[in-house]
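# Structural features, examined
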Amino acid sequence: MGLLEQCEAAFGAAGLYQVLGVRREASGDEIRRGYHRVSLRVHPDRAAPDRKEEATRHFQLLGKVYAVLSDQEQRALYDEQGIVDEESDALSQDRDWEEYWRLLFKKITIKDIEDFEKKYKGSEEELADVKAAYEDFKGDIDKIMESVLCVDYTDEPRIRKIIQQAIDSGEVPSYKVFVKESKQKMNARKRRAQEEAKEAEKTREELGLGDGEDDLKALIQSRNKDRKKEIDDFLAQMEAKYGNNSKKGGKKTAPKKAKK
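Calculation notes
Residues numbered from 1 in each chain as written. Predicted model: local features only at pLDDT ≥ 70, side-chain atom pairs only at ≥ 80, totals over all residues. Heavy atoms only, no water. Core = buried A, V, L, I, M, F, W, Y, C linked by side-chain atoms within 4.5 Å. Buried < 20%, exposed > 50% of the residue type's maximum accessible area, 1.4 Å probe, protein only. Helix = DSSP H or I, 4+ residues; strand = E, 2+ residues; numbered from the N terminus. Contact = heavy atoms within 4.5 Å. 1 Å grid on protein atoms, 1.4 Å probe; cavity = no way out; pocket = protein on both sides within 12 Å on 5 of 7 lines; lining within 4 Å. Points joined across faces, edges and corners; volume = space filled by probe spheres on them. Nonpolar A, V, L, I, M, F, W, Y, C, P; charged D, E, K, R; others polar. Axes fitted to C-alpha atoms, helices over the stretch in contact; angles between N-to-C directions. Parallel < 35°, antiparallel > 145°, perpendicular 65-115°, else oblique. Phe/Tyr/Trp six-rings, centres within 6.5 Å; stacked < 30°, edge-to-face > 60°. Salt bridge = Lys/Arg side-chain N within 4 Å of Asp/Glu carboxyl O.

Attention shifts here to the nonpolar core. Within the largest apolar cluster, 29 residues are counted, with the highest numbers of intra-cluster contacts made by Leu3, Leu16, Leu20, Ile31, Val65, Leu69 and Val84. Mapped by element, the contributors of at least two residues to this core are helix H1 (3–11), helix H2 (16–20), helix H3 (28–42), helix H4 (52–69) and helix H6 (97–104). Of all the elements, H4 adds the most residues to this core, at eight residues. The residues contacting Leu69, other than those within four sequence positions of it, are Leu16, Tyr17, Leu20, Ile31, Arg75 and Tyr78. Tyr134, Ile163, Ile167 and Phe178 belong to the second largest nonpolar core, which has 20 residues in total.

Next comes the structure, spelled out in structure tokens:
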């Protein structure tokens, strides 16, 4: 089974850009950022024991997707012909994809995350991200709140205000799912967020944690994959901004065709 077929089976998307959640016209930095964001969510170290094997397979696939799209020649081949050079050195079965990932992204600290959040909230970058998420998800506020960095349910009024102002000014279209959202759905989202916050606080108490950096690290490590999504997004954004430069894949060989 080729890379495209494996992506379809694992992620429900055969398109390499779809797998990383980026546009076909995405820049190299955007592709790197997309790879990092998605790979953090499936990283084997973050998976539950019973899902570690599956997470490892998905993680390896993401590495291959990035290897293709970060290589100028392979990306051009994929864009023009819809095929992947399955026999290239970049897609070698012997490559250690976890080591490849570590070389691409340096480790950051909790302070980096906190500093980023302070700068990001209310910035032009956040405004652009909110508007882009609104359009990408056709006004689905559940998905918008999950996608935008550094937000929790207490930020929803602020996020809604940003979107409504953009609608009023004609910057973005008006989607019925946003402007006509039921109070029942709003309340359900709020309840879910409050329950997660309570679970996190309970975990802090059970572990005897305070507010120090080491305590925060311990809390993050104790939370399951879904509840760590927001901190994963912080990491993806920060490491994509400050990580090492990516390396291109190996030399080309005759391409082996695969369906797009």
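The next thing to look at is the layout of surface pockets. There is about 1000 Å³ of room inside the second largest pocket. Lining of the second largest pocket is provided by 27 residues; of these, Gly21, Val22, Arg37, Asp136 and Ser147 occupy positions nearest its centre. For the lining of the second largest pocket, the secondary structure elements donating two or more residues are H2, H3, helix H8 (124–136) and helix H9 (141–147). Among the elements that make up the lining of the second largest pocket, the one with the highest residue count is H3 (seven residues). A breakdown of the residues in the lining of the second largest pocket according to their chemical character gives 13 nonpolar, four polar and 10 charged.

The next thing to look at is the packing of H4 against helix H5 (residues 72–81). In helix packing, the relevant descriptors are the interaxial angle and the interaxial distance, both defined with respect to the helix axes. At a minimum axis distance of 6 Å, the contact between H4 and H5 shows a crossing angle of 95°. Classified by the interaxial angle, the pair formed by H4 and H5 is roughly perpendicular. Side by side, H4 and H5 meet where Ala67, Val68 and Leu69 of the first sit next to Gln74, Arg75 and Tyr78 of the second. For the contact of H4 with H5, the per-class residue count stands at four nonpolar, one polar and one charged.

Right, let's talk about the packing of aromatic side chains for a bit. Per the stated rule, a full pass over the model turns up four aromatic pairs. Taking the centre distance of 4.6 Å and the plane angle of 10° together, the rings of Tyr35 and Tyr66 count as stacked. Of this pair, Tyr35 sits in helix H3 while Tyr66 sits in helix H4, and the two are 31 residues apart along the sequence. Looking at Tyr66, the relative accessible area reads 1%, which means it is buried. Centroid distance Tyr134 to Tyr175: 5.2 Å. Interplanar angle 50°. Geometry classified as tilted. Note that Tyr134 is positioned in helix H8 and Tyr175 in the loop between helix H10 (156–168) and helix H11 (176–179), a separation of 41 residues in sequence. Here Tyr134 matches Tyr175 in class, with each residue buried. Taken together, the aromatic side chains of Tyr134, Tyr175 and Phe178 make up a single cluster linked through ring pairs.

Counted by the stated rule, this structure contains 16 salt bridges. Across the pair Lys185 and Asp142 runs a salt bridge whose closest N-O atoms are separated by 3.8 Å. With Lys185 in helix H12 (residues 183–207) and Asp142 in helix H9, the pair connects residues that are 43 residues apart, well separated along the chain. Taking relative accessible area as the criterion, Lys185 reaches 28% and is therefore assigned partly exposed. Between Glu156 and Arg160 there is a salt bridge, with its nearest N and O atoms 3.0 Å apart. Here Glu156 and its partner Arg160 are both found in helix H10, four residues apart, which amounts to about one turn of the helix. Through salt bridges with shared partners, a single ionic network connects Glu117, Lys121, Glu126, Asp155 and Arg158.

Here we take up the packing of H8 against H10. Contact pair H8 / H10: the axes reach a minimum separation of 10 Å and the direction vectors enclose 75°. On the basis of the axis angle, H8 is roughly perpendicular to H10. Taking contact as the criterion, the partners of Glu126, Leu127, Val130, Lys131 and Tyr134 in H8 are, on H10, Arg158, Ile159, Ile162, Ile163, Ala166 and Ile167. Class assignment of the residues belonging to the contact of H8 with H10 gives a composition of eight nonpolar, no polar and three charged.

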